[in-house]
Amino acid sequence: MLQEKYKELIDSAHSSGVAQLQVQEIENVLHIAGEAPSGIVKDQLWDIYNKIDPNYLAGDLVLDVNVATAVNVTKVRVTTDSSNLNIRKGPGTDQPIVGKAAHDEIITLVNKSNKQWWLVRTNDGEEGYSYAQYLQPVE
Amino acid sequence: MKLTKVFAVVPILAISLMVSCGPNDADIQAKVTETLKTVPGISAQVKEGVLTLSGNVSDAAAKTAAEAAVKEEKGIKSIVNNITITPSLSSVVAPIAMAADEALTKAVRDATKDYQGVTAVVKDGIISLKGTLSADKWKRLKMTLDGLGPKKVDASGISIAK
């Protein structure tokens, strides 16, 4: 029973205030989804996941916990490894590049209506979509 | 002047109306309790026009909704919302949404673009991966893939570089 295996993770999600928490086992894969109140809570959940299933290789859990962004957060840091971050005309790597943001630069978050592709604006005023994985909200 | 008399009378009338016709605590409590019947587990107490809500619900939306449902009630001066939130498994309302293969394939292509040496195949909602990468990079990729709505992320072909 996967809910037993990942009990510590589920309990932690409950106690740390993850909103709209969903826990469902579908075809031998446990799905846990919800909205974490902070990035710290999300990191904690991934640490517990790593403890139960080292390096996340078992393939029996899909952990989809987003971080709720405060309304007043409008700045994001570019967290690429070292390269520039592409800013594209639309949400997708098939979209033309309309600008770039430098590694570690802080730019403006316009909206997050697309979960993977956030609409951003650089300090030069270029606006477009960047991959959310490389953007970290600045409190 | 007649008009000044009218102006003088209006405030007195207004005050006397407020005193005589304002609903008392018991009336407000009865009405609020009736309104809250649809929200199980919440109780209301009214004292000197201050409404205190207590009880337990499964999420923040229900807490806000309970307050919104009663705040227009006449005679309430302020609301103390003491409702606590305990998410419960039984509160699951919507099923986990799964992405269709076409949309998932595109999303996986976007997600894996910057991971050289990793290949991904999507079939029946299952993302199957092959390749070697560092533990940190794999964690970052897995976090992204889990957010795409897959049925499963099959990592049996992934090797973690030491």
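Structure's up top.
Every value quoted in this text rests on a predicted model; they were computed, and no experiment measured them. Numbers given for residues are sequential positions, taken from 1 along each chain in its written order. Here the convention is simple: chains get letters from A, ligands get numbers from 1, in the order in which they are written. Per-residue local features are limited, in this predicted model, to residues with pLDDT of at least 70; the limit for side-chain atom pairs, both in listing and counting, is 80 or more; totals at the level of whole chains, interfaces and linings are taken over all residues. With hydrogens and water excluded, all non-hydrogen atoms of the structure serve as input to the side-chain values.

Observations concerning the environment of A:Leu135
Residue and element names in this part refer to chain A.
- Helix and strand assignments follow DSSP, with helices taken as H or I runs no shorter than four residues and strands as E runs no shorter than two, numbered in order from the N terminus. Considering the arrangement of structural elements, one finds Leu135 in strand S10 (residues 135-138).
- Classification of residues uses two cut-offs on accessible area relative to the type maximum, computed with a 1.4 Å probe and protein chains only: under 20% is buried, over 50% is exposed, and between them is partly exposed. Judged by its relative accessible area of 5%, Leu135 falls in the buried class.
- Spatially, the C-alpha atoms of Leu135 and Val76 are 5.8 Å apart, while their sequence positions differ by 59 residues.
- Throughout, a residue-residue contact means that at least one pair of heavy atoms, one from each residue, lies within 4.5 Å. Residues in contact with Leu135, not counting those within four places in the same chain, are Val76, Arg77, Val78, Thr79, Leu85, Ile107, Trp118, Val120 and Ser130.

As for the interface of chain B and chain A
- Taken together, the 33 residues of chain B in the interface contact 38 residues of chain A.
- Summed over both partners, the accessible area (1.4 Å probe) lost when two parts come together is defined as the buried area. Here chain B and chain A share an interface that buries about 3,100 Å² over both sides, 54% of which is from carbon and sulfur atoms.
- For this document, the term salt bridge refers to a Lys or Arg side-chain nitrogen within 4 Å of an Asp or Glu carboxyl oxygen. For the pair chain B and chain A, the number of links is five salt bridges.
- One salt bridge in this structure joins A:Glu27 and B:Lys151, with 3.9 Å as the shortest N-O distance.
- By the criterion applied in these results, polar contacts are pairs of N or O atoms within 3.5 Å in which, for protein atoms, one can donate a hydrogen and the other can accept it, and in which residues neighboring in sequence qualify only through two side-chain atoms. Remark: the boundary between chain B and chain A carries 14 residue pairs in polar contact (both at pLDDT 80 or more).
- Put simply, the parts of the chain that give the side of chain B that touches chain A at least two residues each are helix H4 (101-112), helix H5 (135-146) and strand S7 (152-161) of chain B.
- Here the side of chain B that touches chain A takes nine residues from H5(B), the largest share from any one element.
- By residue class, the composition of the side of chain B that touches chain A is 19 nonpolar, three polar and eleven charged. Each residue gets one of three labels, nonpolar for Ala, Val, Leu, Ile, Met, Phe, Trp, Tyr, Cys and Pro, charged for Asp, Glu, Lys and Arg, and polar for the others, Gly among them.

Some thoughts on the nonpolar core
- Residues enter a nonpolar core if they are buried and are Ala, Val, Leu, Ile, Met, Phe, Trp, Tyr or Cys, with the set joined through side-chain atoms within 4.5 Å. Within the largest apolar cluster, 52 residues are counted, with the highest numbers of intra-cluster contacts made by A:Ile32, B:Trp138 and B:Leu145.
- Here this core takes five residues from helix H3 (residues 39-52) of chain A, the largest share from any one element.
- Excluding residues within four positions of it along the chain, B:Trp138 makes contact with A:Asn55, A:Tyr56, A:Leu57, B:Leu129, B:Leu133, B:Val153, B:Ala155, B:Ile158 and B:Ile160.
- The next biggest cluster of nonpolar side chains, apart from the first, holds 13 residues, and it includes B:Val32, B:Leu36, B:Ala44 and B:Leu51.

What about the side chain of B:Lys142?
- Along the polypeptide, B:Lys142 turns up in helix H5.
- On the accessibility criterion, B:Lys142 (0% relative accessible area) is buried.
- Apart from residues lying up to four places away in sequence, B:Lys142 is in contact with A:Trp46, A:Tyr49, A:Tyr56, A:Leu61, A:Val62 and B:Val153.

Side note on the layout of surface pockets
- The pocket and cavity definitions rest on a 1 Å grid over protein atoms only: a 1.4 Å probe that fits but cannot leave marks a cavity, an open set with protein on both sides within 12 Å along at least five of seven lines marks a pocket, and residues lining either have an atom within 4 Å of a point. Grid points are joined across faces, edges and corners, and a volume is the space filled by probe spheres set on the points. Approximately 1,000 Å³ is the volume attributed to the largest pocket.
- Residue assignment for the lining of the largest pocket shows that the elements contributing at least two residues are H3, strand S3 (61-67) and S10 of chain A together with H5 of chain B.
- Its residues assigned to classes, the lining of the largest pocket shows 14 nonpolar, ten polar and ten charged.
- The volume enclosed by the second largest pocket comes to roughly 390 Å³.
- Taken together, the elements giving at least two residues each to the lining of the second largest pocket come down to strand S5 (85-88) of chain A together with H4 and H5 of chain B.
- With three residues, S5(A) is the single largest residue contributor to the lining of the second largest pocket.

Comments concerning the pattern of salt bridges
- Taken as a whole and judged by the stated rule, the model has 15 salt bridges over all chains.
- Here A:Glu8 ties to A:Lys51 by a salt bridge, and the two come within 2.9 Å at their closest N and O atoms. Note that A:Glu8 is positioned in helix H2 (residues 7-15) and A:Lys51 in helix H3, a separation of 43 residues in sequence.
- Of the charged contacts in the structure, one is a salt bridge between A:Arg121 and A:Glu127, with a shortest N-O distance of 2.9 Å.
- Here the salt bridges do not stand alone but share partners, grouping A:Asp81, B:Lys137 and B:Arg140 into one network.

What about the sheet that holds strand S1 (residues 19-26) of chain A?
Residues and elements named next belong to chain A.
- Should DSSP find at least two bridges between two strands, the strands are taken to pair. One open sheet holds the three strands; their spatial order is S1-S2-S3, and the pairing between them is mixed. Of all strands in the sheet, those bounded by a partner on one side alone are S1 and S3. Sheet twist, expressed as the mean angle between neighbouring strand axes with direction ignored, is 5°.
- Of the pairings in the sheet, the one linking S1 to strand S2 (residues 29-36) comprises six bridges and is antiparallel in character. The partner of Gln24 across the bridge, within S2, is His31.
- Under this scheme, a helix contributes an axis fitted over its contacting stretch, all axes are lines through C-alpha atoms, and angles between N-to-C directions fall in the 0 to 180 degree range. Contacts between H3 and the sheet are confined to S2 and S3, with S3 contributing the most and set at about 165° to the helix.

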